[in-house]
Amino acid sequence: MEYLFIRQAQIELWVLEAQAGNLKAFDQLYQHFYPQVLSFAYRTTSNKGLAQDAVQEAWLKLSTTMNRINDPAAFKTWLFKLTHWQVLDMVKSNKKHMYTPLDAVGEIAAETKTDTSELAQAMKHLSLIEHQVIHLFYLEGFSLSEISHILNIASGTVKSRLFRARAALKQVLDKD
């Protein structure tokens, strides 16, 4: 627990330093968060190139909007929201890139006592937004209110989409 507090304090310090123009601090943020947002973008699109492009665009946009972040503790949420919008923009502008299902969600597999490959098959029946909600909630550990902010939807909508995604998975898994 103490480690998480120290880590969060370090991240907030990097944010403040990056806002002051410290490129090394911005690079530290990039190194720390890049794998997480890339995973989010990839699991949303199942297209490595599109995911990488969306994440790079999000970081570029972040570099020019860093000073708008009033609360350094909100940095991760801000970054995921930017990435979410970049993914949507890129998919809209590149119709050849189709959304496909999440590949595997080990945490959900464990929670539902389901084989990961079986769960990956079941995930094919979920919509894009259901994939995103599941990824943000289970894999990234965001709260419902943080997901609400990232996806720009009401908290109640996040709850209902998470509920529907779980129900859809359960229904598909019960058929097999």
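Just so we're clear, the structure is a prediction, and the values are computed from it rather than from any experiment.

Undergrad: Looking at this model, I keep getting lost on the overall build of the protein. Mind explaining?
TA: Within the protein, the secondary structure is distributed over nine helices and zero strands. The buried share of the protein, taken over its 176 residues, is 42%. When the accessible area of the protein is evaluated, it comes to approximately 9600 Å², of which 55% is carbon and sulfur surface.

Undergrad: Please clarify how helix α3 (residues 48-65) should be interpreted in this entry.
TA: Residues separated by three or four positions in an α-helix point in the same direction, a consequence of the helix having 3.6 residues per turn. Along its 18 residues, α3 runs 25 Å from first to last C-alpha, staying within 8% of the 26 Å computed at 1.5 Å per residue. Regarding α3, the residues found buried are Leu50, Ala51, Ala54, Val55, Ala58, Trp59, Leu62 and Thr65. Where α3 is buried, its residues touch α2 (23-45) and α4 (75-93). Residue Asn47 occupies the N-cap position of α3, its side-chain oxygen lying 3.2 Å from the main-chain nitrogen of Gly49.

Undergrad: Explanation requested: the packing of helix α7 (residues 128-139) against helix α8 (residues 144-151) in the structure shown.
TA: Working note: a packed helix pair is described by the angle between its axes plus the distance between those axes. Viewed as axis vectors pointing N to C, α7 and α8 meet at an angle of 135°, and their least axial separation amounts to 10 Å. Comparing their axes, α8 and α7 come out oblique. At the point where α7 passes α8, the crossing takes the right-handed sense. Counted together, Ile129, Gln132, Val133, Leu136 and Phe137 of α7 and Leu144, Ile147, Ile150 and Leu151 of α8 form the full contact between these two elements.

Scoring rules and cut-offs
- Residues numbered from 1 in each chain as written.
- Predicted model: local features only at pLDDT ≥ 70, side-chain atom pairs only at ≥ 80, totals over all residues.
- Heavy atoms only, no water.
- Helix = DSSP H or I, 4+ residues; strand = E, 2+ residues; numbered from the N terminus.
- Buried < 20%, exposed > 50% of the residue type's maximum accessible area, 1.4 Å probe, protein only.
- Areas by Shrake-Rupley, 256 points an atom, 1.4 Å probe, with all protein chains shown as cover.
- Expected span 1.5 Å × (residues − 1).
- Contact = heavy atoms within 4.5 Å.
- Polar contact = N/O pair within 3.5 Å; in protein donor to acceptor, adjacent residues only side chain to side chain.
- Axes fitted to C-alpha atoms, helices over the stretch in contact; angles between N-to-C directions.
- Parallel < 35°, antiparallel > 145°, perpendicular 65-115°, else oblique.
- Left-handed = near helix turned anticlockwise from the far one by under 90°.

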